[in-house]
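So the chains spell out like this:
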Amino acid sequence: MSDPTLAGSRPSVPRPLPPLTGPSARRLFLDERGAATAEYAIATMAAVEALGQT
């Protein structure tokens, strides 16, 4: 029996990316949201690795 929640659903198709213009590139590369999260994740992985080698 099939899953009723999937009835009529289609596989998702990736949408094409918009063109990268000067202003949109500037906004993209100057946006620092998420940078602190990435730094925290890297620092956490480094700490776990350091603790595992003792």
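Described below are features of the structure shown in this document. Going along each chain's sequence as written, the residues are numbered from 1 onward. Where local features are concerned, this predicted model is filtered to residues with pLDDT of at least 70; where side-chain atom pairs are given and counted, the filter is 80 or more; whole-chain, interface and lining totals use all residues. The basis for the side-chain values is all heavy atoms of the structure; hydrogens and waters are excluded.

**Some remarks on helix H2 (residues 35–52)**
Okay, so step 1: Segments assigned H or I by DSSP are reported as helices when at least four residues long, segments assigned E as strands when at least two residues long, and all are numbered from the N terminus. Expected span, for any helix, means 1.5 Å times one less than how many residues it has. The terminal C-alpha atoms of H2 lie 26 Å apart, and with 18 residues this matches the ideal 26 Å at 1.5 Å per residue to within 8%.
Okay, so step 2: A 1.4 Å probe rolled over the protein chains alone gives each residue an accessible area, and that area as a share of the maximum for its type sets the label: buried under 20%, exposed over 50%, partly exposed in between. In terms of residue burial, H2 counts as a barely covered element, since only zero of its 18 residues are buried.

**Describing the pattern of salt bridges**
Okay, so step 1: For salt bridges, the criterion is a side-chain nitrogen of Lys or Arg within 4 Å of an Asp or Glu carboxyl oxygen. Taken as a whole and assessed by the stated rule, the structure comprises one salt bridge.
Okay, so step 2: A salt bridge links Arg33 to Asp31, with the shortest nitrogen-to-oxygen separation between them at 2.7 Å.
Okay, so step 3: Residue Arg33 is classed as exposed on the basis of its relative accessible area, which comes to 74%.
Okay, so step 4: Residue classification places Asp31 among the partly exposed positions, given a relative accessible area of 34%.

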